[in-house]
Amino acid sequence: MSWQQLHLQCAKDHTELAETLLLEAGAISISLTDAGDQPLFEPMPNESPLWDEVIVTALFDSSTFASASELETLSHTIADSCHASRVWVSQLADKDWTREWMQHYQPIECAHGLWIVPQWLDAPDPSATNLYLDPGLAFGTGYHATTRLCLDWLAGQDLTDKIVIDYGCGSGILGVAALVLGAKVVYAVDIDPQAVLASQQNARLNGVQDRLQTFLPEAFATFWQEADMQADMITANILAKPLIQLAPYFATLLKPHGSIVLAGLIENQVEAVREAYAPFFDISADFTFKNEEDEHWHRLSGVRRIN
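What counts and how
Residues numbered from 1 in each chain as written. Predicted model: local features only at pLDDT ≥ 70, side-chain atom pairs only at ≥ 80, totals over all residues. Heavy atoms only, no water. UniProt positions renumbered as here; feature names shortened; annotations may be inferred. Helix = DSSP H or I, 4+ residues; strand = E, 2+ residues; numbered from the N terminus. Buried < 20%, exposed > 50% of the residue type's maximum accessible area, 1.4 Å probe, protein only. Contact = heavy atoms within 4.5 Å. Areas by Shrake-Rupley, 256 points an atom, 1.4 Å probe, with all protein chains shown as cover. Salt bridge = Lys/Arg side-chain N within 4 Å of Asp/Glu carboxyl O. Pairing = 2+ DSSP bridges. Right-handed = clockwise from strand over helix to strand, strands pointing away. Axes fitted to C-alpha atoms, helices over the stretch in contact; angles between N-to-C directions.

As annotated in an unreviewed UniProt entry, the protein carries the name Ribosomal protein L11 methyltransferase and comes from Faucicola atlantae. Note on the protein: under the UniProt heading Sequence similarities (unreviewed entry), the record states "Belongs to the methyltransferase superfamily. PrmA family." Of the protein, the UniProt comment under Subcellular location (unreviewed entry) reads exactly: "Cytoplasm".

In C-alpha cells, the structure reads:
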C-alpha cells in the first residue's frame, strides 16, 4: 500500500481550521512542522506553542481519492480556506513502520565503559557496563547531549548503596543507569504517565525493577513526606524554568553533602540556574565538551550545603 501526503503552509492562526478540514476529508493523521527556522524554547507543562508559519501535513490512504484531480481539487479548496501560501502533494511508500525507526538506533558509549544498547541489539562489549533500553515514547535514549552529559557525570560518581531521585525521569535512563552502577534504590518522577511506564519497562529490561519506584509528582511528594527520609543524590535533566522553580524543593529532598546534577541548559540559562541553587548548594559548571553537538548544552553539578 502507498500513501498520499497533502502539505499546506499557513500562518499558525489558521492551523486549527486546516487540521479540521483535512480530518473531515478523511486524513488518517496530521503532523505540524516548522515552515522556517524558528526555535520554540522551553514550553511549560500543558503549553503547546506553535511556529508563526507552519507546514500542516495530512496523510491519506491511497484509496481515499478516486483520481489525482480529486485530491488536487481538495488541496486547493482547503488551501483557499486557510489562506495557505503553499500547497503540494507527495507520495509515501509503505514500510514496516513498527520497525522502521529501529534502524536509527545503535549502541552508544556514553561514558568510559558505560554503553546504552537498544534492546534488540547485542552489546558490542559484553564485559562493559551495558544498559539495555527500549526508547519507546519517553525522552532519554542516550543520543541527546544532555542525557550523555548526565550519564558521564553518573559514571564518575561512587553510587554504591546510594538513594537516588531521578526527577523528570523520561525513559528512566538515568535512574536505571544509577542502579546498574550500584545505587541502592531510585525514585523516578515525571509529569508524564508514559514516562512512568517507560521507566518501569526499562528497569525490567535491566533486571533492576525491584529497586526502582516510579511516581507522578504529587504522589511522590506525599510518599516522600510520609517516608521522612533524604536522598544521597538527585538527577534532573529537564528545562531551565522548572529547574529554577524546583531549587528550594530539591534542597529539602537531599541530605547535607548530597549531590545534584542539572542538565537541559543552554549557555544563556546557566547563570540564572546557578543563582537559583546558590542559596542551597555549592554549584559548579563542570561539564566537558565531547563533540560539536554537546557544545550547545551545559551541565551543572553541586553539593548540598549545610545551612
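Participant: Looking at this structure, how should I read the overall build of the protein?
Facilitator: Summing up its helical and strand segments, the protein has nine helices and 14 strands in all. Counting the 307 residues in the protein, one finds 44% classified as buried. At a minimum sequence separation of 6, the contacts of the protein that also span at least 24 residues come to 67%. For the protein, the exposed surface amounts to about 15,300 Å²; the carbon and sulfur share of it is 52%.

Participant: Looking at this structure, I do not really get the pattern of salt bridges. What am I missing?
Facilitator: Two side chains that carry opposite charge are able to pair once their charged atoms sit near each other. Evaluation of the coordinates by the stated rule reveals five salt bridges. Residues Arg299 and Asp152 are paired through a salt bridge, measuring 3.3 Å at the closest nitrogen-oxygen approach. Of this pair, Arg299 sits in strand 14 (residues 298-304) while Asp152 sits in helix 4 (residues 145-155), and the two are 147 residues apart along the sequence. Arg305 is the partner of Asp282 in a salt bridge, and the nearest nitrogen-oxygen pair spans 3.0 Å. Here Asp282 is found in strand 13 (residues 281-284), whereas its partner Arg305 is found in the segment after strand 14, with 23 residues between them in sequence. Owing to a relative accessible area of 26%, Arg305 belongs among the partly exposed residues under this scheme.

Participant: I keep staring at the pairing of strand 11 (residues 231-237) and nothing clicks. Help me out?
Facilitator: The two faces of a sheet get side chains in turn, since along a regular strand they alternate between them. Burial analysis of strand 11 places seven of its seven residues in the buried class, the great majority of the element. Sheet topology note: the strand 11/strand 12 (residues 254-265) ladder contains six bridges and is parallel. For Thr235, the partnering residue across the bridge sits in strand 12 and is Val261. For the handedness criterion, the β-α-β arrangement of strand 11, helix 8 (residues 240-253) and strand 12 is classed as right-handed.

Participant: I keep staring at the environment of Phe223 and nothing clicks. Help me out?
Facilitator: Note on placement: Phe223 falls in helix 7 (residues 217-227). Here Phe223 falls in the partly exposed class, since its relative accessible area comes to 23%.

Participant: What's the story with the sheet that holds strand 5 (residues 108-111) in this structure? I'm lost.
Facilitator: Note: strands within a sheet are paired through backbone hydrogen bonds, in either parallel or antiparallel orientation. Pairing within the open sheet is mixed, and its three strands lie in the order 5-6-7. The open sheet terminates on both sides in strands that have one partner only, identified here as strand 5 and strand 7 (129-133). The average angle at which neighbouring strand axes cross in this sheet is 30°, direction not considered. Here strand 5 runs beside strand 6 (residues 114-118); their pairing, made up of three bridges, is antiparallel.

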